[in-house]
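Coordinate analysis (summary)
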Amino acid sequence: QVQLVESGGGLVQAGGSLRLSCAASGRASNMGWFRQAPGKEREFVAFIIWSGDSSDYADSVKGRFTISRDNAKNTIFLQMNSLKPEDTAVYYCAARGIPGLLYDFKHYLDWGQGTQVTVSS
């Protein structure tokens, strides 16, 4: 099992920025960020494949969020700019995603504990 430790959440005003980090144990794998707001299903935010050569984003965050990774530290990041109140959620890091199925949270084997992001208007 891969251990994931997230950090970087917090409270920010609309238009502000936050950077989330997720440190993983074990080998590099396909990883993703998902989020879940109260009363809503967990939704895809972004993924990055193990090599860092490919990534993709939900339409709602394209142009505002950037996912990246440092395999030397086995850590992925989510830079979130131009934050909106609707970005408020618990953000989860996931690892060992199944190739070709990285948009669906059901196809990741390991999960972090989540970090709260709150954007005030």
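See above for the structure.
Here the residue numbers are simple positions, counted from 1 along each chain's written sequence. It should be noted that, the model being predicted, local features are given only for residues of pLDDT at least 70 and side-chain atom pairs only at 80 or more, the latter also being counted only at that level, while totals for whole chains, interfaces and linings use all residues. Only hydrogens and water are set aside when side-chain values are computed; all heavy atoms of the structure are taken into account.

**A short note on the overall build of the chain**
Counting its secondary structure elements, the chain contains zero helices and eleven strands. Whereas a compact globule of 121 residues would reach a radius of gyration of roughly 14 Å, the chain reaches 13 Å, a difference of no more than 12%. In terms of overall dimensions, the chain has C-alpha extents of about 40 × 30 × 25 Å along its principal axes. Per-residue burial for the chain yields a buried fraction of 44% across its 121 residues. For the chain, the accessible surface area stands at approximately 6,200 Å², while carbon and sulfur atoms represent 50% of it. Within the chain, the 11 negative side-chain charges are centred at a point lying 3 Å from the centre of the 12 positive side-chain charges. Starting at the N terminus, helices and strands are each numbered in turn, a helix being any DSSP run of H or I of at least four residues and a strand any DSSP run of E of at least two. It is over C-alpha atoms that the radius of gyration is taken, and the globule rule equals 2.2 Å times the number of residues to the power 0.38. Partly exposed residues are those whose accessible area sits between 20% and 50% of the maximum for their type, while under 20% is buried and over 50% is exposed, using a 1.4 Å probe and protein chains only. Only the protein chains shown count as cover for residues, and the accessible areas themselves come from Shrake-Rupley with a 1.4 Å probe. The charged-residue count follows a simple rule in which Lys and Arg add positive charge and Asp and Glu add negative charge, with His and chain termini not counted at all. Charge positions come from single atoms, namely NZ of Lys, CZ of Arg, CG of Asp or CD of Glu.

**A word on the packing of aromatic side chains**
Each aromatic ring pair is specified by the distance between its two centres and by the angle formed by the two planes. Working definition: rings of Phe, Tyr and Trp (its six-membered ring) pair if their centres are within 6.5 Å, and the pair is stacked with planes under 30 degrees apart, edge-to-face with planes over 60 apart, and tilted otherwise. Scanning all chains against the criterion turns up eight aromatic pairs. For the ring pair F34 and F44, a centre distance of 5.8 Å and an interplane angle of 70° mean the geometry is edge-to-face. With a gap of ten residues between them, F34 in strand β4 (residues 31–36) and F44 in strand β5 (residues 43–48) connect regions that are remote in the sequence. With respect to class, F34 is no different from F44; both count as buried. Over the aromatic face of Y92 sits the side chain of R42, whose NZ or CZ is 3.9 Å from the ring centroid. In this structure, R42 packs its charged tip against the face of W111, placed 4.7 Å from the ring centre. Put simply, a charge is over a ring when the Lys NZ or the Arg CZ is close to the ring centre, within 6 Å, and near the line of the ring normal, within 35 degrees.

**Structural notes on the sheet that holds strand β8 (residues 75–80)**
The strands making up a sheet associate through hydrogen bonds between their backbones, and the pairing can be parallel or antiparallel. Strand pairing is assigned whenever DSSP detects at least two bridges linking the two strands. Here we have four strands laid out as an open sheet, ordered β1-β3-β8-β7, and antiparallel in their pairing. With partners counted over all chains shown, the strands left at the sheet margins are β1 (4–7) and β7 (65–70), one partner each. Going across the sheet, the axis of each strand differs from the next one's by a mean of 15°, ignoring polarity. Note: β7 against β8, six bridges, orientation antiparallel. From the neighbouring strand, R69 faces β8, where its bridge partner is I76. Note on geometry: axes are C-alpha line fits, over the in-contact stretch for helices, and angles between N-to-C directions span 0 to 180 degrees.

So, to be careful, I would describe these as geometric facts and stop short of saying anything about function.
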